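Results of the structural survey
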Amino acid sequence: MVPGQRIPDRFEAISFSSLPGWLNDDHAAALAGFLRLCRKPEILTQDTVFPSIATADLQKLCNDAEKAAKSGDEAPRDFFESRFTPHRIAQSGFVTGYFEPELAASRVRTEIFRYPLLKKPEGLEAITPENRPQDWPETLSHGRRVEGRVTEMPDRSAIMDGKLDPENLELVWLADPIDAYFVHVQGSARLRLADGSAMRVGYAGKTGHPYTGIARLLVTRGEGTPEDFTAAGLRSWLEAHPEERDQLFRQNRSFIFFREVDEIGVNDGPVGAAGLPLVAGRSLAVDPSFIPYGSLVFVASALKDHDSDDGPFRRLMVADDTGSAIKGPARGDIFVGSGQTAGAIAGEIRHKADFTILVPNIRLGPAGVAAD
């Protein structure tokens, strides 16, 4: 952003006192989420939707955050209120939930474990203005470089038909094709291997084809309502219609590739798109073309907060992940956690929400103008 440029019009400066539920949030937990960013400062120093933060200013902000975390009591809330200005996104928003599945798996194919998650093929790369071929379709976000030329990847249907089989890309094998599909949707999983050890897999790339929600297709076909096709409802339908399952999968052309994640502990959260382990209830997947990674986002929604006596969800979160279905400035996906219980909660989240970004004051000049 050019120095002196205003914060985009879609953001409206407000006061902390106008944030519903702000005083009741666990500000210490929110501060712990922010401090993760201080260990990966390049997230906050990049120049994206908001102007970048100078390294020296960021160091001071992080030092102040460390002091506030050690002081306790009201210090975490005071830190946010004294160093940030809330900017509400001036349009109605929507949140869903996602989780990290925990599944049985095997590193080798067996009679039980027959459905693979695939590694990223050689040459796969994101399409940027620098490498975009002439007449490349706008809908394709990735391609494959072969002999110096970027070409379209096969889509889900072609891969299901064996297009990539000769490349031996199988990373790990699952017992259920529905589980495999849901891991594609979630983007990561924690696996219990047949030998008793654990393994975590995470997103490594995708074919680049547009994502199509198969639950929405079923609603369009008249199979039920959106309320019928939460994650649990979709799974029940797929289990009850095995003869239609694969054909429905093919309608979602997007296909995800995985890698083994070994840079964090098995008991930590999965690594999000910003390169940080996700924190249940504090990590938010966003569209980074509208909300940059590292943004502090206060989410206010009528959905139940299962960690706060089932009251309404009012939390300060960190934008540290994204997803194929997360598009637009007021769209978020709440990371709920890992395992079956988290999955049940995540599958029920489909709620309207208000989004408010906390912009560091060092990024702002008078009247909300970006500082030089």
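Since the structure is predicted, the reported quantities are computational estimates derived from the model, not experimental observations. (Residues numbered from 1 in each chain as written. Predicted model: local features only at pLDDT ≥ 70, side-chain atom pairs only at ≥ 80, totals over all residues. Heavy atoms only, no water.)

Counting secondary structure elements, the chain contains 10 helices and 17 strands. A globule of 372 residues ought to have a C-alpha radius of gyration of about 21 Å, and the chain, at 21 Å, matches this closely. Each principal axis of the C-alpha atoms in the chain carries an extent, and together these give about 60 × 50 × 45 Å. The 372 residues of the chain split such that 49% are buried. Counting contacts in the chain only where the partners sit at least 6 residues apart, residues at least 24 apart contribute 76% of the total. (Helix = DSSP H or I, 4+ residues; strand = E, 2+ residues; numbered from the N terminus. Rg over C-alpha atoms; globule rule 2.2 N^0.38 Å. Buried < 20%, exposed > 50% of the residue type's maximum accessible area, 1.4 Å probe, protein only. Contact = heavy atoms within 4.5 Å.)

What follows covers the confidence of the model for the chain. Do not read the fine detail of predicted coordinates wherever pLDDT is low. Considering every residue of the chain, the mean pLDDT works out to 88; 91% of them sit at 70 or more. pLDDT under 50 marks residues 1–5. Its contacts with residues more than four places away, or in other chains, come to 15 contacts. Within the model, the stretch residues 365–372 combines pLDDT values under 50 with 23 contacts to residues more than four positions away or in other chains. (pLDDT = per-residue confidence, 0-100.)

Compared with an ideal rise of 1.5 Å per residue, which puts 12 residues at 16 Å, helix 1 (residues 27–38) spans 17 Å between its outermost C-alpha atoms and is within 8% of the ideal. Burial runs high along helix 1: nine of the 12 residues are buried. Buried within helix 1 are the following residues: His27, Ala30, Leu31, Gly33, Phe34, Leu35, Arg36, Leu37 and Cys38. (Expected span 1.5 Å × (residues − 1).)

With that settled, consider the pairing of strand 11 (residues 198–206). Two strands pair when backbone bridges link them, and strand 10 (residues 188–193) and strand 11 are joined in this way by five bridges, in the antiparallel orientation. Along strand 11, the bridge assignment pairs Arg192 with Ala198. Two successive antiparallel strands, strand 10 and strand 11, enclose a turn made up of four residues, where Gly196 displays a positive phi of approximately 95°. One ladder, built from five bridges, connects strand 11 with strand 12 (residues 256–260); its direction is antiparallel. Note that in strand 12 the partner of Tyr203 across the bridge is Phe258. (Pairing = 2+ DSSP bridges.)

Across a sheet, strands are paired by hydrogen bonds formed along the backbone, either parallel or antiparallel in direction. With antiparallel pairing, the three strands of this open sheet are ordered in space as 6-7-8. Edge positions in the open sheet fall to strand 6 (124–126) and strand 8 (149–151), since each of these has one partner strand only. Taking the axes of each pair of neighbouring strands and ignoring which way they run, one obtains an average angle of 45° across the sheet. In the sheet, strand 7 (residues 142–146) pairs with strand 8 via three bridges, with the strands oriented antiparallel. (Axes fitted to C-alpha atoms, helices over the stretch in contact; angles between N-to-C directions.)

Bringing helix 4 (residues 75–83) into the picture now. What sets the pattern is the α-helix's 3.6 residues per turn: residues three or four places apart point alike. When we look at burial in helix 4, the residues that qualify are Ala75, Pro76, Arg77, Phe79 and Phe80. Tucked into the core, helix 4 has its buried residues touching helix 1, helix 3 (55–71), strand 2 (84–89), strand 14 (296–305), strand 15 (311–321) and strand 17 (350–360).

Here we come to the packing of aromatic side chains. Throughout the structure, instances matching the rule amount to 11 aromatic pairs. Summarising the aromatic geometry, the rings of Phe79 and Phe80 are spaced 5.3 Å apart at their centres and angled 65° between planes, so their arrangement reads as edge-to-face. In this structure Phe79 comes out as buried when scored by relative accessible area, which is 1%. (Phe/Tyr/Trp six-rings, centres within 6.5 Å; stacked < 30°, edge-to-face > 60°.)

The phi torsion at Asp135 lies on the positive side, around 65°, for a residue other than glycine. If you check the backbone angles, Asn168 has positive phi at about 55° while not being a glycine. Structurally, the position occupied by Asn168 is in the loop between helix 5 (156–160) and strand 9 (170–174).

Moving on, we get to the environment of Glu125. Residue position: Glu125 is located in strand 6. With relative accessibility at 21%, the residue Glu125 sits in the partly exposed group. Separated by 83 residues in the primary sequence, Glu125 and Glu42 place their C-alpha atoms 22 Å from one another. Excluding anything up to four places from it in sequence, Glu125 contacts Asn131, His142, Gly143, Arg145 and Val150.

Mapping Ala75 onto the fold places it in helix 4. Exposure remark for Ala75: the relative accessible area of 19% places this residue in the buried category. In sequence terms Ala75 and Val172 are 97 residues apart; their C-alpha atoms lie 46 Å from each other.

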